[in-house]
Amino acid sequence: MGINVISLGERVVFALIGDRNFEGRHLCFYHFFTSLSLLEKLRLRRIGATGTIRTDRAGISSDFAWKEK
């Protein structure tokens, strides 16, 4: 069984949306709040999301890194 760690960014986003129905809405946020875990949890609640992401953040695959030519 994996450990379910909730980041500060996730706690803030879910505190702001609370129990309100955001289904079908789309949230946008800065990289401090963005995590793949948060995006997945929002998707499961049918809430769209867009956020900038830092490629050096823990848990982010190198596939997301910007590659210069």
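Preceding this paragraph is the structure being described.
### Details of the overall build of the protein chain
And step 1. From N to C terminus, the protein chain includes 2 helices and 2 strands.
And step 2. In the protein chain, the succession of α and β elements from N to C terminus is α-β-α-β.
And step 3. With 69 residues in all, the protein chain has 20% of them scored as buried.
And step 4. The contacts of the protein chain with a sequence gap of at least 6 include a subset with a gap of at least 24, amounting to 39%.

### Quick word on the packing of helix H1 (residues 8-17) against helix H2 (residues 36-44)
And step 1. Running from amino to carboxyl end, H1 crosses H2 at an angle of 30°, the nearest separation of the two axes being 10 Å. The angle between H1 and H2 places the two elements in the roughly parallel class. Contact residues: Glu10, Val13, Phe14 and Ile17 in H1; Ser37, Leu38, Lys41 and Leu42 in H2.
And step 2. A per-class count over the contact of H1 with H2 returns 5 nonpolar, 1 polar and 2 charged.

### Remarks on the nonpolar core
Where a protein is soluble and globular, its nonpolar side chains tend to be buried together.
And step 1. If you look at the biggest cluster of nonpolar residues, it comprises 7 residues: Val13, Ile17, Leu27, Phe29, Leu38, Leu42 and Ile47.
And step 2. Taken together, the elements giving at least two residues each to this core come down to H1, strand S1 (26-29) and H2.
And step 3. Leu38 has contacts with Glu10, Val13, Phe14, Phe29 and Phe33, leaving out every residue within four places of it along the chain.

### Re the packing of aromatic side chains
And step 1. This structure, assessed with the given rule, holds 1 aromatic pair.
And step 2. Aromatic side chains Phe32 and Phe33 sit 5.2 Å apart centroid to centroid with 90° between the ring planes, which places their arrangement in the edge-to-face category.
And step 3. Its relative accessible area of 40% is what places Phe32 among the partly exposed residues.

### Digging into a nonpolar patch on the surface
And step 1. Taken together, the side chains of Leu8, Tyr30 and Phe32 present a nonpolar region at the surface, about 330 Å² in accessible area.
And step 2. The topology assignment puts Tyr30 in the loop between S1 and H2.
And step 3. Residue classification places Tyr30 among the exposed residues on the basis of a relative accessible area of 53%.

### Comments concerning the side chain of His31
And step 1. Relative to the assigned elements, His31 resides in the loop between S1 and H2.
And step 2. Of the residues examined, His31 reaches a relative accessible area of 19% and is grouped as buried.
And step 3. Once you skip the residues sitting within four places of it in the chain, His31 turns out to touch Thr52, Ile53, Arg54 and Arg57.

About the thresholds
Residues numbered from 1 in each chain as written. Predicted model: local features only at pLDDT ≥ 70, side-chain atom pairs only at ≥ 80, totals over all residues. Heavy atoms only, no water. Helix = DSSP H or I, 4+ residues; strand = E, 2+ residues; numbered from the N terminus. Buried < 20%, exposed > 50% of the residue type's maximum accessible area, 1.4 Å probe, protein only. Contact = heavy atoms within 4.5 Å. Axes fitted to C-alpha atoms, helices over the stretch in contact; angles between N-to-C directions. Parallel < 35°, antiparallel > 145°, perpendicular 65-115°, else oblique. Nonpolar A, V, L, I, M, F, W, Y, C, P; charged D, E, K, R; others polar. Core = buried A, V, L, I, M, F, W, Y, C linked by side-chain atoms within 4.5 Å. Phe/Tyr/Trp six-rings, centres within 6.5 Å; stacked < 30°, edge-to-face > 60°. Patch = residues over 30% accessible without salt bridge, like charges linked within 9 Å, V, L, I, M, F, W, Y side chains within 5 Å. Areas by Shrake-Rupley, 256 points an atom, 1.4 Å probe, with all protein chains shown as cover. Salt bridge = Lys/Arg side-chain N within 4 Å of Asp/Glu carboxyl O.

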